[in-house]
Amino acid sequence: MHIHGRSAWRYGAAVLLTGLASCGGGGDAPAPDDPLAAYKSQAVAWAPCDPNVLGPNSALIQQLGDKVSCATIRAPLDYARTDRGDIRLALLKVATAEPKVRKGSIVFNPGGPGGDGLEIAANFGALFSQPPSDSPTRAALQELARHYDMVGFSPRGTGAGTTITCTANEPSREVNFPSDDRSPANIEAMLYNLRLATKACKNNPLTPYINTEQTAWDLDLIRHLIGDAKLNYIGYSYGTWLGAWYAARFPGQAGHLVLDSAVDFTAGFDEAMIGQSIGKQRVLDEVMSPYFARHPDLYRLGADESRIRALFGTLPSPLKAAVGATLAFNSSRGLVSSGFVMLAAGIARDRLATDPDISDADLRIAVDTAIRDRAPFDVEAALRAATRLLDQFAAIRFPEPRSLLMPPEEATYVAVVCNDVASRTDPQYWISLGNEMAISHPVTGGSMTEAPCLYWGGPTTAKPAVQDTAKAGPLMVVQSQFDALTLTENALRFVDALPTARLLYVKGEYSHGVFPYMSPCVDHRVTAFFLDDALPARRTDCDQVPFYGDVAALGSLKRMAAPDQARTDALLDRIQEILAGAGKQGL
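The following refers to the structure shown. (Residues numbered from 1 in each chain as written. Predicted model: local features only at pLDDT ≥ 70, side-chain atom pairs only at ≥ 80, totals over all residues. Heavy atoms only, no water.)

## Section: the overall build of the protein
For the protein, the count of helices and strands is 20 helices and 13 strands. Computed over its C-alpha atoms, the radius of gyration of the protein comes to 23 Å, within 12% of the 25 Å expected for a compact globule of 587 residues. Projected onto its principal axes, the C-alpha coordinates of the protein cover approximately 75 × 55 × 45 Å. Residues counted as buried form 60% of the 587 residues belonging to the protein. (Helix = DSSP H or I, 4+ residues; strand = E, 2+ residues; numbered from the N terminus. Rg over C-alpha atoms; globule rule 2.2 N^0.38 Å. Buried < 20%, exposed > 50% of the residue type's maximum accessible area, 1.4 Å probe, protein only.)

Have a look at this one:
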């Protein structure tokens, strides 16, 4: 499995522990005989954040000023056996704008598993605490900043706390695009890499304790130490699985839980992975291709939907792999970039057909020139999309032999997925499924054979039943109709099994991670849930925010926005990038 993401080393020293310490003071003081008493009574040293805590986006720390602070806390490696030692968890907090009316904190998880929650909390804090606005939707979001702290944490295994890696001296084997090459040799290369990755992760003594059960206990420890009697929480993708697990394990401490882009908690990760290949193909066939066909003047892909759908099948295998790795991870705001990805792929295909040995540098020049010649459209957006595509293509076309190294976000993903629930362990099942889906869902269907838990040996914990989640009371699920990473049918099955859930369903949308949607139908209901305990109907259908160019008033690909909304747009885009980055791990 080759998953690329931001590695933990970019964070450097995540927090400063200088400054005044404050006790946790949660709503449930530990009993003297509580085995976790030493952890619950620890001092939390909130202090100015390390300037580089958010890596490339650390400028946000300066923008937030004294509103933001960081800390690290101790947590047991194993909550069932606290004598096994400690781990460290990193926290980031953007303080409420008006402490006198503080209702508590909202804790964030961006998904993955393996996504780090520090930056998304910082972005939400910046988004919600902007200057007053005449927009009712923005004003509703800003009310959250008046009443809640925004808190992010690095889940165990990844980010700025205790991290896990999976390493081996043996190199992984090169795998050709799985939907095109179903040869025994290519299938064996996939299976070999799975065996190697499993062995490498199993060799790390932290691995058994990187699972959602332990992370749910971490969440409850965080809740206590930030002084909240109940956990208020927004989780995306895998973060919905974590939120459901927490609600089942700690129903009395569950407050307002928003689960956005839901993983089906009634099933397992096998079903989630299969659903992703279905969802990605659906986005290309039923959302993107019709959209591109509506705008032939912008994308130069023609107005025939069927021909645009067929474009993917005409690409060389390495280009298919590159497109599959980039195409379906965008939000609705990414539709423009997705169109340019397809345009760049078509240009690269044509150039490779005439010169199959063209160098990577010359191919980039050729694509750049062709895109500039095809104006009018947003040339800079097109070139950014083309660069992302060609970066993926170069990595696939010119692979560098290396020993196996799974960075923390990737290792955490594998450990959590395989430690949480049982997976099918018959190789032939995954080979046959890959054979079938390579034909029916070629964007990523062949990769079904690369099932990460095939050789794992079983989970290290026991998942609570979905009925236990219902004991926590009402929670809110937000889902888009064409979500590519958490298949909507699966999410609806979870909602159906949970009578206490309230569903906000966005028709026509394919965003993975909906809130904030800058739509009253979604955002006002979410904010009213946190601010007023208001519960919508069992299901509320919301209209899609139009895609770029689909409304004549837009006039161009650029968002028509008042100058004071430019920063809002940038923060929204960055939140979507964070969620997309977490999605590259898996969910």
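## Quick word on the sheet that holds strand 12 (residues 501–506)
Across the sheet, which stays open at both edges, the 9 strands sit in the order 3-4-6-5-8-9-11-12-13 with mixed pairing between neighbours. The sheet is open, and its two borders are formed by strand 3 (68–76) and strand 13 (539–542), each paired with just one other strand. Along the sheet, successive strands turn relative to each other by an average axial angle of 20°, direction set aside. Across 5 bridges, strand 8 (residues 231–236) lies against strand 9 (residues 254–260) in parallel orientation. (Pairing = 2+ DSSP bridges. Axes fitted to C-alpha atoms, helices over the stretch in contact; angles between N-to-C directions.)

## Details of the packing of helix 12 (residues 335–354) against helix 14 (residues 379–397)
Where helix 12 meets helix 14, the axes come as close as 8 Å, and the angle between the chain directions of the two elements is 55°. Judged on the interaxial angle alone, helix 14 and helix 12 are oblique. Note that helix 12 runs across helix 14; the crossing there is right-handed. In this structure, helix 12 uses Ser337, Phe340, Val341, Ala344, Ala345 and Leu352 to contact helix 14, whose residues at the interface are Ala381, Ala382, Ala385, Ala386, Arg388, Leu389, Phe393 and Arg397. The class makeup of the residues in the contact of helix 12 with helix 14 is 11 nonpolar, 1 polar and 2 charged. (Parallel < 35°, antiparallel > 145°, perpendicular 65-115°, else oblique. Left-handed = near helix turned anticlockwise from the far one by under 90°. Contact = heavy atoms within 4.5 Å. Nonpolar A, V, L, I, M, F, W, Y, C, P; charged D, E, K, R; others polar.)

## As for the state of the cysteines
A complete count under the given rule lists 4 disulfides for this structure. Disulfide pairing is shown between Cys418 and Cys453; the S-S distance is 2.1 Å. Handedness of the Cys418-Cys453 disulfide follows from its S-S torsion of about -90°: it is left-handed. Taken together, the residues Cys418 in helix 15 (residues 408–420) and Cys453 in the loop between helix 16 (427–440) and helix 17 (466–469) connect sequence positions 35 residues apart. Across the disulfide, Cys521 is cross-linked to Cys542 (sulfur-sulfur distance 2.0 Å). Every disulfide takes its handedness from the sign of the S-S torsion; for Cys521 and Cys542 that torsion is -75°, giving left-handed. (Disulfide = S-S within 2.5 Å.)

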